[in-house]
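Structural overview
Spelled out, the chains give:
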Amino acid sequence: MPINFREMLKPESVFVNVDAGSKKHALQMLSGHLAREQAVVTADDIFEALLERERLGCTAGEFGLAIPHARLPGIDAPYAVILRLSNSIDFDSGANPDVDLIFGMIAPERSDEEDAKRFSAMASRLTAMDVTERLRRAQDERAIYDLLMALDAPNARKHTE
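Residues numbered from 1 in each chain as written. Predicted model: local features only at pLDDT ≥ 70, side-chain atom pairs only at ≥ 80, totals over all residues. Heavy atoms only, no water.

**Considerations on the overall build of the protein**
- Across its full length, the protein carries seven helices and five strands.
- Mapped from its N terminus to its C terminus, the protein presents α and β elements in the order α-β-α-α-β-β-β-β-α-α-α-α.
- Over its C-alpha atoms the protein spans a radius of gyration of 14 Å, differing by no more than 12% from the 15 Å that the globule rule assigns to 161 residues.
- The dimensions of the protein, computed from C-alpha atoms along their principal axes, are 35 × 35 × 30 Å.
- The buried share of the protein, taken over its 161 residues, is 51%.
- For the protein, contacts bridging at least 24 residues in sequence account for 72% of all contacts bridging at least 6.
- With the model as given, the accessible surface of the protein reaches about 8,100 Å², and the carbon-plus-sulfur share is 48%.
- For the protein, the distance from the average site of its 19 positive side-chain charges to the average site of its 27 negative ones is 4 Å. (Helix = DSSP H or I, 4+ residues; strand = E, 2+ residues; numbered from the N terminus. Rg over C-alpha atoms; globule rule 2.2 N^0.38 Å. Buried < 20%, exposed > 50% of the residue type's maximum accessible area, 1.4 Å probe, protein only. Contact = heavy atoms within 4.5 Å. Areas by Shrake-Rupley, 256 points an atom, 1.4 Å probe, with all protein chains shown as cover. Lys, Arg positive; Asp, Glu negative; His and termini not counted. Charge placed at Lys NZ, Arg CZ, Asp CG, Glu CD.)

Below you can see the structure in the form of structure tokens.
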């Protein structure tokens, strides 16, 4: 069963026209927003976990989208935040384009292989069917949220997984 965007993203967890001057700055802002989603882990702890994950390999991929993520102790459910940047930034992604969309996630430390498969399927939905272009064209936070909720629909999953 796929993890749904609805399970981890709230309407107030979507931000547009975010000014980030660098990858580090974007990860700091993302960490602050993710810390507000739950009361267990601090923004500093999230930031350090995201940096550690980035050291293993850049989370930016094709289409100007990065999906920084980390598993943290004390988290009981996955939480997500999406940032649409006002300008693209270098995300140290090598041959991939600069990033202007960031979908950040934190998840429970005790995630298993099945959870990893479900997260991977969700990430695939973000890059399928020109979703990134629709996220860029979305007029505001609510439009982005609604677009992501539509990706949870059974017929949307069938075409993107």
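Read on for the rest.
**Examining unusual backbone geometry**
- Even without being a glycine, Asn17 presents a positive backbone phi close to 55°.
- Considering the arrangement of structural elements, one finds Asn17 in strand E1 (residues 14–18).
- We classify Asn17 as exposed; its relative accessible area is 55%.
- Although it is not a glycine, Phe63 sits at a positive phi angle of roughly 65°.

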